[in-house]
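Fold and contact review
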Amino acid sequence: MSSQPNQSLIDGIRCLQYLVSSDKAVGCRELARQMDMNSTRVNRLLMTMASIGLTIQDEHRRYLPGPGIHALAAQAIRGSSLFAQALPQLEAHAPRDIVVALGVLWEDQVIYIWHSEPGERTSASQALAGFRMLPAWQSVIGVSLLATESDEQLRPRFTDEQWAQMAPLLARKRNANHLIWHRDDGEISMAQPINNNRAALAFAKIWQADDAHLQQRVTQLQSLAKVLISAR
């Protein structure tokens, strides 16, 4: 048997992940551009997945996740130890006055397992459906997880503008177990990897924080990260 990865399987899974990450119905050409793939191949993959209920088409022949996605999602939730263990702890212990997020890295995109907004107690259903996929270079979670890779591995994957923003943040993260990001608009966000750098916990929408308050937030972040780790 060949030891080479099955490219058709890889492309199909990528196609499905990009589709379910979209907020609307997507045409095969648009999806092909997002994936940097031939549109004919993408269309064939989407039609194949439609035959087993993973995708459907609307009246304009654009694609949407099909009913099979619900079964796959339920099975994935049951199969994810991080998901099952982290969610009750976040629901019970996450601070309510800032954004709290838990995410993983996939193809230089951050996929959010949990994303709450400041305010009243956030239910698990609200936090699970609360945020879209985000390019890693725009996310404190993404940059903190990318920092485990070398500059030589990362540099070809990002534009000059993206790299100019990321490079000092990557260097800062490599010198500490957490990353603090002071954004141009005054917002402060911070993240700490957990689960052997397979996920990261983040706080965001922190405003006008002096050094003492910022240190309190770092301590709070680290304490919550320990709770998530100990729950494993």
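Here the structure is a predicted model, which is why all the values come from computation and not from measurement. (Residues numbered from 1 in each chain as written. Predicted model: local features only at pLDDT ≥ 70, side-chain atom pairs only at ≥ 80, totals over all residues. Heavy atoms only, no water.)

Points about the overall build of the chain
When its secondary structure is counted, the chain shows 10 helices and eight strands. Over its C-alpha atoms, taken along the principal directions, the chain stretches across nearly 55 × 40 × 40 Å. Within the chain, the fraction of its 232 residues that count as buried is 43%. In the chain, of all internal contacts separated by at least 6 residues, the share reaching a separation of at least 24 is 51%. Total accessible area on the chain is roughly 12,900 Å²; 51% of this is exposed by carbon and sulfur atoms. Positive and negative side-chain charges in the chain, numbering 23 and 22 respectively, have mean positions lying 6 Å apart. (Helix = DSSP H or I, 4+ residues; strand = E, 2+ residues; numbered from the N terminus. Buried < 20%, exposed > 50% of the residue type's maximum accessible area, 1.4 Å probe, protein only. Contact = heavy atoms within 4.5 Å. Areas by Shrake-Rupley, 256 points an atom, 1.4 Å probe, with all protein chains shown as cover. Lys, Arg positive; Asp, Glu negative; His and termini not counted. Charge placed at Lys NZ, Arg CZ, Asp CG, Glu CD.)

Side note on the sheet that holds strand β5 (residues 134-135)
Within the open sheet, the six strands sit side by side as β5-β4-β3-β8-β7-β6. Their pairing is antiparallel. Both edges of this open sheet fall to β5 and β6 (179-182), since each of them pairs with a single strand only. One ladder, built from five bridges, connects strand β3 (residues 99-106) with strand β8 (residues 199-206); its direction is antiparallel. The partner of G103 across the bridge, within β8, is A200. (Pairing = 2+ DSSP bridges.)

Re helix α2 (residues 28-35)
An α-helix turns once every 3.6 residues. As a result, residues three or four positions apart point the same way. The complete set of buried residues in α2 reads L31, A32 and M35. Buried residues of α2 fall within an arc of 105 degrees about the axis and therefore sit on the same side. Residues of α2 that are exposed and angled more than 90 degrees away from the buried face: R29 and R33. Buried residues belonging to α2 abut α1 (7-20) and α3 (39-50). Note on α2: the residue one or two positions beyond its end, D36, has a positive phi of about 55 degrees. (Arc of directions from axis to C-beta.)

Structural notes on the nonpolar core
In this structure, L90, V100, L102, M190, L201 and F203 are the most contacted members of the largest nonpolar core, which totals 26 residues. In terms of residue count, the dominant contributor to this core is helix α10 (residues 211-230) (six residues). With sequence-adjacent residues up to four places away left out, L201 is seen in contact with L90, V100, A101, L102, M190, A191, Q192, L221, L224, A225 and L228. If you look at the next biggest cluster of nonpolar residues, it comprises 23 residues, including A101, A136, L145 and W181. (Core = buried A, V, L, I, M, F, W, Y, C linked by side-chain atoms within 4.5 Å.)

Quick notes on the confidence of the model for the chain
Put simply, the chain has an average pLDDT of 88, and 92% of its residues get 70 or more. The weakest mean pLDDT in the chain belongs to helix α6 (residues 124-128) at 55; the strongest belongs to helix α7 (residues 140-146) at 97. (pLDDT = per-residue confidence, 0-100.)

Remarks on the side chain of T55
Structurally, T55 can be placed in strand β1 (residues 55-57). In this structure T55 comes out as buried when scored by relative accessible area, which is 1%. Within the structure, the side chain of T55 is placed 3.0 Å from the backbone nitrogen of A50, a separation counted as a polar contact. (Polar contact = N/O pair within 3.5 Å; in protein donor to acceptor, adjacent residues only side chain to side chain.)

Some remarks on unusual backbone geometry
Leave glycine aside and you will find that most residues have negative phi; peptide bonds, for their part, are mostly trans. Of note, the phi angle at R61 is positive, near 65 degrees, even though the residue is not glycine. Among the secondary structure elements, R61 is positioned in the loop between β1 and β2 (63-65). With a phi close to 55 degrees, K205 is a non-glycine residue in the positive phi region. Checked against the element boundaries, K205 lands in strand β8. Overall, the relative accessible area of 37% leaves K205 in the partly exposed class.

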